[in-house]
Amino acid sequence: MIMESYRQKSDAELVKFSLEGDKQAFGEIVNRYQGMVARTVKGMLGDSVFSEDIGQDVFIKLYYSLSDFRGEAKLSTYIQKIAVNLTLNEIKRRKRFFSTFSQKGNNEMYEFEVADYDTEEKKEARELVGKALMSLDPKFRVIVTMRMLQGYSTKETAEILDLPLGTVLSRLSRAQEQMKEILGKL
Amino acid sequence: MRISELKLLIIRSLDIDGDPEKGLRGLEEAGVDYRFSDGFRDKVLGRIASAGNTVVREMESVRNLNNVFSRIALTGVAAIVILLISIFMVQGSLSLDSFLGLGNSYDESLVYLLTGN
């Protein structure tokens, strides 16, 4: 019943209540945006429990930086930026770790776990998308994730990634070429 | 959806002039959707609560450390003052020689002390 009342609140109201120490209000922000964060984090890191930890880190970072949120951009954009930054940091960390301690290839830095509830057809689809995304260069992968899994326009993608629109357009075009090659092999 | 159709959908969703939302809907229909496990919200709130306790504990230990430091500092200052007074009373001045304990020594006795001759 209480959660029901929070569901009707705007993002600005939830941020205000969260800053006043209302944990339930912050819980509603988590509920509202966890799907969006899951698509970004799991799209870029692979579908595994480790990605879930990064997802939690995104909301914890959001919680401690809520006072910096001035409401000039949408809350979803602010959360998306945190998610992208933390995920890119994790990719760099894994790359450093694997280049130091392992001879394994790029793809093996990521894990795939297909949920039990998936039908065989959905399982195949998720595996195909996951493998294709993980084969992409990370700078293309982030663009593809924003486009393909979040449905963002190139303008929105540029805003989230703090990149010039021209860079996003050229990377998207090159990512599409790379994707064609990858899918041809899968 | 067949795999070949899915591949085509992925490539088309990356068309610069295409509608990104259409591609997203198509992938969702094919079953490509990511989500966190059940209880994700509670895990996040749990970590925030435990992090809050850690912050409180850290603040308490910093406060304790400050208390200990101020006591040590006061004791140190008192010890230095007592030392200065005692040096002044014994040596009659607060010169460098007095600090080094050489205020009342003659040069010859110093040589004797250092060399034994």
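Predicted model only: the values in this text are computed from it and were never measured.

Secondary structure summary: chain A contains nine helices and zero strands in total. The secondary structure elements of chain A, listed N-terminal to C-terminal, are α-α-α-α-α-α-α-α-α. For chain A, the proportion of its 186 residues judged to be buried stands at 35%. Long-range pairs, those at least 24 residues apart, make up 63% of the contacts in chain A with a sequence separation of at least 6.

Now for the interface of chain A and chain B. Each partner contributes residues to the interface: chain A has 42 residues there, and chain B has 29 residues. Those elements that place two or more of their residues in the side of chain A that touches chain B are helix H3 (23-45), helix H4 (49-65), helix H6 (120-135), helix H7 (138-149) and helix H9 (165-185) of chain A. Ranked by the residues each element gives to the side of chain A that touches chain B, the list is headed by H3 of chain A, at 10 residues. When the residues that make up the side of chain A that touches chain B are grouped by side-chain class, the tally is 18 nonpolar, 12 polar and 12 charged.

Next up on the list: the nonpolar core. If you look at the biggest cluster of nonpolar residues, it comprises 52 residues, and the most contacted ones within it are Val58 and Val144 of chain A together with Ile10 of chain B. When residues of this core are sorted by domain, at least three fall in each of domain 1 (1-34) and domain 2 (35-115) of chain B. With residues near it in sequence (within four places) discarded, Val58 of chain A still touches Val37, Ile79, Ile82, Ala83 and Leu86 of chain A.

Residues and elements named next belong to chain A. Where helix H8 (residues 154-161) contacts H9, the two axes come as close as 9 Å, and the packing angle between them is 115°. Here H8 is positioned roughly perpendicular relative to H9, judged by the angle of their axes. Crossing hand, H8 versus H9: right-handed. For the pair H8 and H9, contact is made by Thr154, Lys155, Thr157 and Ala158 and by Leu165, Val168, Leu169 and Leu172, respectively. Considered class by class, the residues forming the contact of H8 with H9 number five nonpolar, two polar and one charged.

So, about the confidence of the model for chain B. Residue and element names in this part refer to chain B. When pLDDT is averaged along chain B, the result is 83, and 89% of the positions lie at 70 or above. The secondary-structure element of chain B with the lowest mean pLDDT is helix H5 (residues 107-115), recorded at 71, while helix H1 (residues 3-13) shows the highest, at 89. Two summary scores accompany this predicted model of the complex, namely pTM at 0.73 and ipTM at 0.81.

With that settled, the discussion passes to the environment of Lys22 of chain B. Residue and element names in this part refer to chain B. By the secondary structure assignment, Lys22 is in helix H2 (residues 20-29). Judged by the 14 C-beta atoms lying within 10 Å of it, Lys22 falls in the partly exposed class. Put simply, Lys22 and Leu9 are 13 residues apart on the chain and 9.6 Å apart in space, counted from C-alpha to C-alpha.

Moving on, we get to the environment of Val142 of chain A. Residue and element names in this part refer to chain A. With respect to the helices and strands, Val142 occurs in helix H7. By C-beta crowding, Val142 is classed as buried, having 24 other C-beta atoms within 10 Å. Not counting residues within four places of it along the chain, the set of residues in contact with Val142 comprises Met44, Val84, Leu88 and Leu161.

Let's shift gears to unusual backbone geometry. The phi angle at Asp162 of chain A is positive, at roughly 55°, despite the residue not being glycine. A tally of 9 C-beta atoms within 10 Å means that Asp162 of chain A is categorised as exposed.

Attention now goes to the packing of H7 of chain A against H2 of chain B. One can describe the packing of H7 of chain A onto H2 of chain B by two numbers: an axis separation of 7 Å at closest approach and a directional angle of 80°. By the criterion of interaxial angle, the relationship of H7 of chain A to H2 of chain B is roughly perpendicular. Residues Arg147, Met148 and Leu149 of chain A of H7 of chain A touch H2 of chain B, and the partners they reach there are Pro20, Gly23, Leu24 and Leu27 of chain B. Split by residue class, the contact of H7 of chain A with H2 of chain B holds five nonpolar, one polar and one charged.

What follows is about the environment of Glu72 of chain A. As for its placement among the helices and strands, Glu72 of chain A is situated in the loop between H4 and helix H5 (75-101). For the pair formed by Glu72 of chain A and Asn31 of chain A, sequence separation is 41 residues and the distance between their alpha carbons is 22 Å.

This part covers H4 of chain A. In a regular helix each residue adds 1.5 Å, so 17 residues correspond to 24 Å; H4 of chain A covers 25 Å between its end C-alpha atoms and thus fits that length. Here H4 of chain A has its buried residues at Ser51, Ile54, Gly55, Gln56, Asp57, Val58, Phe59, Leu62 and Tyr63 of chain A.

About the criteria used
Residues numbered from 1 in each chain as written. Chains lettered and ligands numbered in written order. Predicted model: local features only at pLDDT ≥ 70, side-chain atom pairs only at ≥ 80, totals over all residues. Helix = DSSP H or I, 4+ residues; strand = E, 2+ residues; numbered from the N terminus. Buried ≥ 20, exposed ≤ 12 C-beta atoms within 10 Å, placed from the backbone. Contact = placed C-beta atoms within 7 Å. Nonpolar A, V, L, I, M, F, W, Y, C, P; charged D, E, K, R; others polar. Core = buried A, V, L, I, M, F, W, Y, C linked by C-beta atoms within 7 Å. Domains from an automatic or database assignment. Axes fitted to C-alpha atoms, helices over the stretch in contact; angles between N-to-C directions. Parallel < 35°, antiparallel > 145°, perpendicular 65-115°, else oblique. Left-handed = near helix turned anticlockwise from the far one by under 90°. pLDDT = per-residue confidence, 0-100. Expected span 1.5 Å × (residues − 1).

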